[in-house]
Structures are given as structure tokens and as C-alpha cells.
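Secondary and tertiary structure notes
Single-letter residue listing:
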Amino acid sequence: MYKKGIVWLYLFLLSALADMALIIHAVPNYRILSKPLIVAALLGYFLYSTKLIKGSLLRISVAVALFSSIVGDILLLYPHLFLYGLGAFFMTHICYIVAFKLTQNHTFNPLKVNFIKMFLYNLPIYILAAFVYFLIQKQLFDLKIPVVIYLLAIVMMLTIARERYGRTNNSSFWQVFLGASLFFISNGLQAMDKFFFPIPDGKILIMGSYVLAQLLIVMGIRSHLLQFK
């Protein structure tokens with residue numbers, strides 16, 4: 001079963017390398033094949049390796065997150081569909097928020113939440129998000145409201161990932177937290193590249209951090225499940 005499952009990871013790796021090569025050699029037309037195949041392979045791996053929780057809310061939420069990412073990857077290849085791509089990735093972040101909450105060994109009690117402490121822990125994330133928005137806001141025009149809503153979603157995803165500290169095993173926490181952080185970085189770079197100033201080798205940096213982010217998140221969720229086997 002392990003050997004069959006790892007075929008999906010090989011496909012993921014080959015697709016990522018092919019997509020990077022197409023970016024480097026400036027052959028964007030063929031990315032309609034390579035780019036969506038990256039996360040599609042990861043989705044195949046996740047579904048194959050989580051058969052034991054078939055039908056669970058966790059499995060559904062991660063699967064929808066990955067499927068929404070595939071849709072977003074395709075839509076963002078076309079500049080005039082940027083807003084729709086943003087919507088697809090908004091759904092990705094919402095589904096990951098659900099997944100991150102479900103993979104915590106913790107019962108939520110709002111009466112016991114220390115909101116000041118939580119705010120201070122999350123403050124660096126808020127500052128980075130505010131800084132990115134400050135840089136790009138003049139070029140957003142009609143996209144201001146959608147971008148702000150999207151920014152709030154990815155900030156929430158990252159803060160929920162941080163919240164998992166001590167509420168899952170260390171491997172799961174660090175994989176998910178680093179994955180969510182790289183997702184945040186990838187989105188920040190993409191926003192600055194599109195709305196502030198073109199970043200040298202920006203597309204490689206954006207795609208590289210994004211691909212690693214998705215892999216780490218999936219592996220982190222899988223690590224959480226393995227502790228119960």
C-alpha cells in the first residue's frame with residue numbers, strides 16, 4: 001500500500017519540476033498541463049493514504065481545499081480570471097481552517113480563551129499582513145474589498161495553524177505551521193509582484209513556496225492521523 005501511495009508523490013515531484021522548468025524557459029502555454037497536475041497528484045496521495053477515515057469531515061475538508069487549489073491554479077493562469085482564482089483559493093483557506101481545527105487534541109471553550117495572549121502571539125502575523133496590504137493597496141482599485149477578505153482568510157488560516165502548538169504531535173504541528181507560513185509568503189510575494197513591483201524570479205519563488213506549502217500541510221495532517229494508528 002505504501003509503495004502504491006508513493007507513486008502519487010513521484011507524480012507530484014515530477015509535475016513540480018516540469019512546471020518550474022516551463023517557468024524558467026518562459027513557456028507558459030504548457031503550464032495548463034503541469035501546474036494543476038501538481039496539486040492533483042497531492043490530492044490523489046491524500047485520498048489514497050486516508051482511506052481509513054473515508055467520509056469524515058476532515059478528509060472532505062482537505063480534499064475540497066486541494067480541489068479548490070487546482071481550480072485556482074488553472075484560473076490564475078489567465079490574468080482576466082484573477083478574481084475567480086482568488087475566490088477559489090479563499091475556499092482553500094476556509095477548508096484548511098476547518099481541517100486545522102479538527103486536527104487539534106483540544107476542546108474549545110471560549111470562556112477560557114486569553115484573548116490578549118492570543119493577540120500578542122499572533123501580532124507578527126498581523127503586522128506582516130498589514131505591511132503587505134500597505135504596499136499594494138494603491139494599485140488594488142476595485143479589488144480592495146475582495147483582497148481584504150482574502151487577506152483575512154489567510155491570516156486566520158495561519159493563526160489557526162499556530163494555535164495547534166501543544167495540541168498535536170510536534171511533527172504535525174511544525175509541518176502544518178511551516179506549510180501555512182509558506183502559503184502566506186507565497187501569496188504575499190504574488191500580491192507584491194502583481195500590484196506593487198515585479199520581483200526578480202518572482203514566479204519561481206511564488207510557485208516554489210506554494211508547492212512546498214501544500215506538501216507540508218498534507219503531510220502534517222497525515223502525521224496527526226498517524227498518532228492514532
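Presented here is an overview of the structure given in this document. (Residues numbered from 1 in each chain as written. Predicted model: local features only at pLDDT ≥ 70, side-chain atom pairs only at ≥ 80, totals over all residues. Heavy atoms only, no water.)

**Description of the overall build of the protein chain**
When you go through the protein chain residue by residue, the secondary structure sums to eight helices and zero strands. When the elements of the protein chain are put in sequence order from the N terminus, they spell out α-α-α-α-α-α-α-α. Each principal axis of the C-alpha atoms in the protein chain carries an extent, and together these give about 45 × 45 × 25 Å. A burial count over the protein chain gives 47% of its 229 residues as buried. Sequence-distant contacts in the protein chain: of pairs separated by 6 or more residues, those separated by 24 or more amount to 74%. (Helix = DSSP H or I, 4+ residues; strand = E, 2+ residues; numbered from the N terminus. Buried < 20%, exposed > 50% of the residue type's maximum accessible area, 1.4 Å probe, protein only. Contact = heavy atoms within 4.5 Å.)

**Some thoughts on the packing of aromatic side chains**
Given two aromatic rings, one states the distance between the centres and the angle between the planes to describe the pair. Considering all chains together, one arrives at 10 aromatic pairs under this definition. Note on Phe89 and Phe183: the rings are 6.2 Å apart at their centroids and 80° apart in plane angle, and the pair reads as edge-to-face. Of this pair, Phe89 sits in helix α4 (residues 82-102) while Phe183 sits in helix α7 (residues 170-195), placing them 94 residues apart in sequence. Note on Phe89: relative accessible area 6%, which makes it buried. A centroid spacing of 6.2 Å and a plane angle of 75° characterise the contact between Trp174 and Phe177, whose relative ring orientation is edge-to-face. Of the two residues, Trp174 and Phe177 both sit in helix α7, three residues apart, roughly one turn of that helix. Here Trp174 falls in the partly exposed class, since its relative accessible area comes to 43%. Among the aromatic residues, ring-to-ring pairing joins Tyr165, Phe173, Trp174 and Phe177 into one connected group. Taking NZ or CZ as reference, Lys194 lies 4.8 Å from the ring centre of Phe82, over its face. In this arrangement the basic side chain of Lys194 is found over the ring face of Phe195, its NZ or CZ atom lying 5.8 Å from the centre. (Phe/Tyr/Trp six-rings, centres within 6.5 Å; stacked < 30°, edge-to-face > 60°. Lys NZ or Arg CZ within 6 Å of the ring centre and 35° of its normal.)

**Some words on the pattern of salt bridges**
Here the structure, examined in full by the defined rule, presents three salt bridges. The partner of Arg167 in a salt bridge is Glu163, and the shortest N-O contact between them spans 3.6 Å. Residue class for Glu163 comes out buried when judged on its relative accessible area of 15%. By sharing partners, the salt bridges in this structure join Lys101, Glu163 and Arg167 into a single network. (Salt bridge = Lys/Arg side-chain N within 4 Å of Asp/Glu carboxyl O.)

**Some thoughts on the environment of Tyr121**
One can find Tyr121 in helix α5 (residues 115-136). Among the residues examined, Tyr121 registers a relative accessible area of 48% and is labelled partly exposed. Tyr121 sits 38 residues away from Thr159 along the chain, and the two C-alpha atoms are 8.8 Å apart.

**A few points about unusual backbone geometry**
Positioned with a positive phi, Phe141 is a non-glycine residue whose angle comes to about 55°. With respect to the secondary-structure elements, Phe141 resides in the loop between α5 and α6 (144-163). For Phe141, a relative accessible area of 57% gives the class exposed. Positive phi values are uncommon outside glycine, yet Asp201 reaches one of about 55°. Looking at the secondary structure, you find Asp201 in the loop between α7 and α8 (202-226).

**As for the nonpolar core**
Membership of the largest hydrophobic core comes to 62 residues, with the highest contact counts inside it found for Leu66, Tyr96, Phe100, Ile136, Phe183 and Ile221. Elements with a minimum of two residues in this core: α1 (2-24), α2 (31-49), α3 (57-75), α4, α5, α6, α7 and α8. With near-sequence residues (within four places) excluded, Ile221 lies in contact with Phe46, Leu58, Val62, Ala99, Phe100, Thr103 and Val176. (Core = buried A, V, L, I, M, F, W, Y, C linked by side-chain atoms within 4.5 Å.)

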